[in-house]
Amino acid sequence: MIELQRQTSRALHEEHVAILGLLERFGRALGRLGASPPAEDDATWRVLLDQIGTALEYEITRHFDLEETQLFPRLHARGEGDLAELLFEDHEVIREVARPLLALVARAQARVLDDAGWRSLKGSGLELVERLSAHAEKEQGALVPLVDEMLDEATDMEIWTQYTN
């Protein structure tokens, strides 16, 4: 990976690395999950549910919003509209998978999810792992380097300041 010069591209890179690691752990945990919920005293699973719920809320709000409002319009202006549209379509699909999954995660956290709910959580979770991982990898390879290249220092600082406040 090239050394990133801009705060915005570094933030995107760090967030992608973090979500990819979490998705890997979540996917492994789901793979071990049978048709029934994990044991009540499974603290590792409880922590993982909290982490995935928090991360998804962040990903499908702040992270996607940054890209859609600040970066995709700049990609269009630069002649990279096809990439912006492809990534936006990914966001829409990920939102559609994440919404019901977040509801299932909340029910699991409240310990009110039955066996059918756990099977739904597992299926939706595995779909999300596949889709969001592929999306984050795509952005790592295409979007992050372009952001680093296309933003001047002043624009980068303006976007970064808005994003971190």
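**Q** Give me the lowdown on the nonpolar core, citing residues and values where you can.
**A** Phe26, Trp45, Trp118, Leu121, Leu128 and Leu132 are the most contacted members of the largest nonpolar core, which totals 31 residues. Breaking this core down by element, the ones donating at least two residues are helix H1 (7-32), helix H2 (43-77), helix H3 (81-109) and helix H4 (115-150). Those residues in contact with Leu128 that lie beyond four places of it in its chain are Leu23, Leu56, Ile94, Val97, Ala98, Leu101 and Ser133. In terms of nonpolar packing, the next biggest core, distinct from the first, is built from 17 residues, Leu66, Val144, Leu146 and Met150 among them.

**Q** How would you summarise unusual backbone geometry if you had to cite specific residues and measurements?
**A** Notably, Arg111 is not glycine yet its phi reads approximately 60°, a positive angle. Note that Arg111 resides in the loop between H3 and H4. The class for Arg111 is partly exposed, based on a relative accessible area of 46%.

**Q** I'd love a proper account of the layout of surface pockets, names of residues and values included.
**A** Approximately 210 Å³ is the volume attributed to the largest pocket. Lining the largest pocket are Arg25, Arg28, Ala29, Arg32, Leu33, Pro38, Asp42, Thr44, Trp45 and Leu48. Of all elements in the fold, only H1 and H2 reach the threshold of two or more residues within the lining of the largest pocket. Examining the composition of the lining of the largest pocket, we find that four residues originate from one element, H1, more than from any other. Considering only residue class, the lining of the largest pocket consists of five nonpolar, one polar and four charged.

**Q** So what's going on with the pattern of salt bridges? Residues and values would help.
**A** Scanning all chains against the criterion turns up seven salt bridges. The shortest N-O distance in the salt bridge between Arg78 and Glu149 comes to 2.2 Å. Taken together, the residues Arg78 in the loop between H2 and H3 and Glu149 in helix H4 connect sequence positions 71 residues apart. A relative accessible area of 35% means that Arg78 is categorised as partly exposed. A salt bridge links Arg95 to Glu92, with the shortest nitrogen-to-oxygen separation between them at 2.8 Å.

**Q** Can you explain H2? Please cite residues and give values.
**A** With 35 residues, H2 ought to run about 51 Å at 1.5 Å a step, and its terminal C-alpha atoms sit 48 Å apart, in line with that. The N-capping residue of H2, defined by a side-chain oxygen 3.3 Å from the backbone nitrogen of Thr44, is Asp42. Looking one or two residues beyond H2, the residue adopting positive phi is Gly79, at roughly 90°.

**Q** Talk me through the packing of aromatic side chains; I want residue IDs and the actual numbers.
**A** Summed over the entire model, instances satisfying the criterion amount to two aromatic pairs. With centroids separated by 6.2 Å and ring planes inclined at 20°, the aromatic side chains of Phe26 and Trp45 adopt a geometry described as stacked. Taken together, the residues Phe26 in helix H1 and Trp45 in helix H2 connect sequence positions 19 residues apart. In this structure, Phe26 and Trp45 share a single accessibility class: buried. Judged by centre distance (5.8 Å) and plane angle (50°), the rings of Trp45 and Trp118 are tilted. Of this pair, Trp45 sits in helix H2 while Trp118 sits in helix H4, and the two are 73 residues apart along the sequence. By relative accessible area, Trp45 is classed as buried at 5%.

Criteria and cut-off values
- Residues numbered from 1 in each chain as written.
- Predicted model: local features only at pLDDT ≥ 70, side-chain atom pairs only at ≥ 80, totals over all residues.
- Heavy atoms only, no water.
- Core = buried A, V, L, I, M, F, W, Y, C linked by side-chain atoms within 4.5 Å.
- Buried < 20%, exposed > 50% of the residue type's maximum accessible area, 1.4 Å probe, protein only.
- Helix = DSSP H or I, 4+ residues; strand = E, 2+ residues; numbered from the N terminus.
- Contact = heavy atoms within 4.5 Å.
- 1 Å grid on protein atoms, 1.4 Å probe; cavity = no way out; pocket = protein on both sides within 12 Å on 5 of 7 lines; lining within 4 Å.
- Points joined across faces, edges and corners; volume = space filled by probe spheres on them.
- Nonpolar A, V, L, I, M, F, W, Y, C, P; charged D, E, K, R; others polar.
- Salt bridge = Lys/Arg side-chain N within 4 Å of Asp/Glu carboxyl O.
- Expected span 1.5 Å × (residues − 1).
- Polar contact = N/O pair within 3.5 Å; in protein donor to acceptor, adjacent residues only side chain to side chain.
- Phe/Tyr/Trp six-rings, centres within 6.5 Å; stacked < 30°, edge-to-face > 60°.

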